[in-house]
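Results of the structural survey
If you want the building blocks of each chain, they are given just below.
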Amino acid sequence: MFFALVGLSFSIKFALLYAGSNGWYNYRHQADIFTIYNLLLNRGFTASTIKLIAYDDLATDTSNPFQGQIFHTTDHKTNVYPGSSAIDIKGDFCTAQSLYDSITNLPTTAGDKVFIYYDNHGGPGLLGVPTGCGDDILAPALSQALTTAADSNLWGQCLFLIEACYAGSSAETFTAANLATITASNNQESSFAAVYDSAVGTYLSNEFTNNFIALCDERPDIDVGTLYQSLKSMTTQSHATYYGEESIKETDLSEFIGVPNKVMK
C-alpha cells in the first residue's frame, strides 16, 4: 500500500488575507479579515496554511471600548481578534510589495487551491495600503504578481475576492491563468460599509464582505458561480462583478475555503 501511494499527488488549500487599512475609522477592514481568518480555521485551515497581513492597531487603540477585542457583530458575542502572534505581516510592513511578494512566493504547487481576500479602500487602477505604508497597490504590478505566480505553477485554481471601491478597475487587468476574481464593485463605483455599531462608534463590516461571510455559513455547499450570483443579488449598493476563468464557477466553494467543522456562534 505504501508504494501505491507514493506516486499520488495531494492538493492543499492556502489562503492569503490582506487588510489594507489602519485607524479606528477603518475598523471594518480588519474586522472583516479577522472574521474570515476565523472562518477558515473553522473549516480545517491552520495558521500555517493562512498568511495574514494586517496593521494590528485596533485591539489596543485608545478608542476601543473593548480593549484587546475586535467584533464583527453588534451583539459583541464573538471576539474575532486572533491575537498579534497570528498576524504574519503587521505595522508599517503592510506595504504593496508585501502583497506582491506574498503572491509570488506562495508555498503552493500546481494543483493546489489558493484563496485570496483583500479588504480596504480602492480607486481607479489601485488598491490602498495602511497610512504610512508607502505607495498604493497598483493594478499593473498586482496583475504581474498574479501572472508570475500562475506561470510558476503555484496553483491549480485561485479565487480572489476584492472588497474595495473601484475594485473592478484592478480585476479587469488580471490575465493570470486559472484565476477567478469576484469584486465588491465594478470599475467605476464605490463599495459601501455596513453594520454600524454605536458602542464601537464605527462600522463593523462592508456590505459585500458581510454577505460573503453570511453565505459561507448559510450555504457551505455552493459552487463559485452560485456564490457570485448570490453576492450579485444580495449586494445592493454596488455591483458585484466576476472576472477571469469561467470554468472556476463550476468549482465548489469548499475547494477553496473548506467546510465547517462546527457552527460559529
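Refer to the structure presented above.
Residues numbered from 1 in each chain as written. Predicted model: local features only at pLDDT ≥ 70, side-chain atom pairs only at ≥ 80, totals over all residues. Heavy atoms only, no water.

**Comments concerning the environment of Ala86**
- Looking at where Ala86 falls in the secondary structure, it is placed in the loop between strand 2 (50–53) and helix 3 (96–104).
- You can call Ala86 buried: its relative accessible area is 17%.
- The sequence separation of Ala86 and Tyr37 amounts to 49 residues, and the corresponding C-alpha distance is 9.6 Å.
- If sequence neighbours within four positions are ignored, Ala86 has contacts with Tyr37 and Leu52. (Helix = DSSP H or I, 4+ residues; strand = E, 2+ residues; numbered from the N terminus. Buried < 20%, exposed > 50% of the residue type's maximum accessible area, 1.4 Å probe, protein only. Contact = heavy atoms within 4.5 Å.)

**Let's talk about helix 6 (residues 207–218)**
- In this model helix 6 runs 16 Å from its N-terminal to its C-terminal C-alpha over 12 residues, within 8% of the 16 Å that 1.5 Å per residue would give.
- Where helix 6 is concerned, the buried positions are Glu207, Phe208, Thr209, Asn211, Phe212, Ile213, Leu215 and Cys216. (Expected span 1.5 Å × (residues − 1).)

**A few points about the packing of aromatic side chains**
- A full pass over the atoms with the stated rule returns 10 aromatic pairs.
- Ring centres of Phe66 and Phe71 lie 5.1 Å apart, and the angle between their planes is 80°; on these two criteria the pair is classed as edge-to-face.
- A relative accessible area of 24% places Phe66 in the partly exposed class.
- Plain terms: the ring middles of Tyr196 and Tyr203 are 5.2 Å apart, the flat faces sit at 75° to each other, and that makes the pair edge-to-face. (Phe/Tyr/Trp six-rings, centres within 6.5 Å; stacked < 30°, edge-to-face > 60°.)

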